[in-house]
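Structural features, examined
Each chain, written out:
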Amino acid sequence: MTIAEMLARNARMYANDTALIELKPSQGLRKEITWKEFDERVNRIANALIDQGIKKGNKVIHWMMNSISWLEAYFGIIRTGAWAVPLNFRFTSQDFKYCADIAEAEAMILGEEFIDRVEAAHSQLSTIKHYILVGQPVPEGMENFEMIINKSSPKPVEVGLRDEDECGLYFTSGTTGAPKPILLTHKNMECAAITENHNHCVRRSDNFLLLQPLYHTGGKMHWFGSLIVGGRATLLCERITPQNIFETVHKERATIAMVLVPWIQDILTALDRGELKKEDYDLSCWHLMHSGAQPVPASLIKRWKQYFPNMQYDTDYGLGEATGPGCVHLGMENEHKVGAIGKASLNWEARIVNEKGEDVAQGEVGELVVKGNGVMKEYYKNPEKTAETIKDGWLYTGDMARMDDEGFIYIVDRKKDVVISGGENIYPVEVESVLHSHPKIYDVGVIGIPDERLGEIAAAVIDPKPGETLTEEEINQFCEQNLPRYKRPRRIIFDKVPRNPTGKIEKPKLRQKYARLAG
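Throughout what follows, the structure given in this document is the object of discussion.

Reading guide: rules and limits
Residues numbered from 1 in each chain as written. Predicted model: local features only at pLDDT ≥ 70, side-chain atom pairs only at ≥ 80, totals over all residues. Heavy atoms only, no water. Helix = DSSP H or I, 4+ residues; strand = E, 2+ residues; numbered from the N terminus. Polar contact = N/O pair within 3.5 Å; in protein donor to acceptor, adjacent residues only side chain to side chain. Contact = heavy atoms within 4.5 Å. Pairing = 2+ DSSP bridges. Axes fitted to C-alpha atoms, helices over the stretch in contact; angles between N-to-C directions. 1 Å grid on protein atoms, 1.4 Å probe; cavity = no way out; pocket = protein on both sides within 12 Å on 5 of 7 lines; lining within 4 Å. Points joined across faces, edges and corners; volume = space filled by probe spheres on them. Nonpolar A, V, L, I, M, F, W, Y, C, P; charged D, E, K, R; others polar. Buried < 20%, exposed > 50% of the residue type's maximum accessible area, 1.4 Å probe, protein only. Salt bridge = Lys/Arg side-chain N within 4 Å of Asp/Glu carboxyl O. Disulfide = S-S within 2.5 Å.

1. Overview of the side chain of Ser-421
- Relative to the elements of secondary structure, Ser-421 occurs in strand β23 (residues 419-421).
- Polar contacts involving the side chain of Ser-421 include one to the main-chain carbonyl oxygen of Glu-456, which spans 2.8 Å.
- Here Ser-421 is in contact with Ile-426, Leu-454, Glu-456 and Ile-457, once residues within four sequence places are set aside.

2. Some details on the sheet that holds strand β12 (residues 256-258)
- Pairing is mixed across the open sheet formed by 9 strands, whose spatial order is β2-β1-β11-β10-β12-β13-β14-β15-β16. Of all strands in the sheet, those bounded by a partner on one side alone are β2 (29-34) and β16 (343-344).
- Along the sheet, helix α8 (residues 219-227) contacts β1 (18-24), β10 (207-210), β11 (232-236), β12, β13 (288-291), β14 (312-319) and β15 (324-329); its crossing angle with β10, the most-contacted strand, is approximately 175°.

3. Some remarks on the layout of surface pockets
- Roughly 1,100 Å³ of volume is contained in the second largest pocket.
- Looking at the lining of the second largest pocket, the element that brings in the most residues is helix α10 (residues 261-272), giving 4 residues.
- In terms of residue class, the lining of the second largest pocket is made up of 21 nonpolar, 11 polar and 15 charged.

4. Details of the pairing of β15
- Here β15 lies mainly inside the structure; 6 of its 6 residues are buried.
- Note: β14 against β15, 4 bridges, orientation antiparallel. Within the sheet, the bridge partner assigned to Leu-319 lies in β15 and is Gly-324.
- Note: β15 against β16, 2 bridges, orientation antiparallel. Residue pairing in the sheet places Val-328 in a bridge with Ala-344 of β16.

5. Notes on the pattern of salt bridges
- Inspection of every chain in the model, using the stated rule, returns 30 salt bridges.
- Glu-252 is paired through a salt bridge with Arg-30; the nearest N and O atoms lie 2.8 Å apart. With Glu-252 in helix α9 (residues 242-252) and Arg-30 in strand β2, this pair connects stretches of sequence that are 222 residues apart.
- Classification of Arg-30 as partly exposed rests on a relative accessible area of 44%.
- We note a salt bridge from Lys-56 to Asp-165, for which the minimum N-O separation is 2.8 Å.

6. Some words on α8
- Burial analysis of α8 places 9 of its 9 residues in the buried class, which makes it a mostly covered element.
- Of all the residues in α8, the buried ones are Gly-219, Lys-220, Met-221, His-222, Trp-223, Phe-224, Gly-225, Ser-226 and Leu-227.

7. Here we look at the state of the cysteines
- What the rule picks out here adds up to 0 disulfides.
- No disulfide involves Cys-327; its nearest neighbouring cysteine sulfur is the one of Cys-191, lying 8.9 Å away.

8. Considering the sheet that holds strand β27 (residues 491-494)
- Strand order across the open sheet formed by 3 strands is β25-β26-β27, with mixed pairing between neighbours. Every interior strand has two partners, whereas the edge strands, β25 (441-451) and β27, have only one. For this sheet, the mean angle separating the axes of adjacent strands, direction not counted, is 25°.
- One ladder, built from 10 bridges, connects β25 with strand β26 (residues 455-464); its direction is antiparallel. Bridging from a neighbouring strand, Pro-450 pairs with Glu-456 of β26.

Keep in mind that these numbers describe shape and distance, not what the molecule does.
See the structure below:
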């Protein structure tokens, strides 16, 4: 069953139940729609696109901020048989042109926030014939989203969709260079829905709090676990703050939330400082918090459990090439193993292999490879990179990992981020995890910087907690007590740690900024 069919089924079975709630607290905005309303608007968008000549296999770029309209447009596109091409809201006009050139899109749906960036590249684009704007005012050469919806039919479109048909072209966040185009199918999307629902036991009575950017394969695919059972979701569509999260859970009775590591840190810091008080909110409905998108420090979750001892926790592991999160997860019953990413999820397999693709011995470090229905079709227009990444159905993740004697997998680091210092492999994630346990550290990123004698050395970029004072001597003493000598950072830098919207540390930015430093 495609996700478009899941939506249609929900409209038939739960027509008048709330499907989505959109919140912008600073504007006093609250909007909600039922499954029937959601489905009808999606049909109108699909019919409007078909009337403009969009057909199966075409591409439609989709550049908007989080909103109910974002999801309506997304489902409208895929219901035509076209490919949705969601773009990162941080992309520049140059990024937009890069993606548009690869996609060769025939149409575009955009939010008013992106008008200037689109117009800056417009004259250099030849394939996009229709620009549909969500918002006001509508510039010359663009059409109004609501107007075309109101004029089109709410009847279901007559387009046959098969499991193997392509439906999404996702560009990676670009933390390791230019964004790579990941081509996903309807089967991939269905797999994400089944995996997420199974991993987190999502019920129709749940209310999923959706905080992550929708253009990414993370937050939206987590929501697919609710979609498949007709559960409602609440979209918090403005700056994510501890207060906004607690207020939303309190007022909307949210039951499940995927919270990125930086947001967990913000909540804990606010609680520690007394800026946020649990007793001011009724959070009893919130029964599951899960996290991922980057290594989750065990010390962080242990602190979380001190504040929320009865709340369940799970770690998600995934990547865009595996249709987002969940191919491996910890499991809510395995909190004693926090620090691991867990084991392969339902209908997934996972192995750890060496450079020859052979399984390594238990406890040894190798590359994590996964296999399942969520593995992407390909890197679009890049058969060489595809062949490097998918071998005999196994997706080579680029993450270095090890497995313990109980079969739990631990991420050691990204393959490209390993620091080789004097012939010793230093895995920055391990060092970051130790430093995260320091009571004065808010965030940390470890990178390699050039060194004439050792080739490169580890440098730690440390952002202290607000109001705290930290010295290099304090950090060095802490490392002496908690890290073997060869793993200790040889340079300590106090600075902000750049992260992308999905919470991942932007290591290339750090390396570029500090590459000039000599060991």
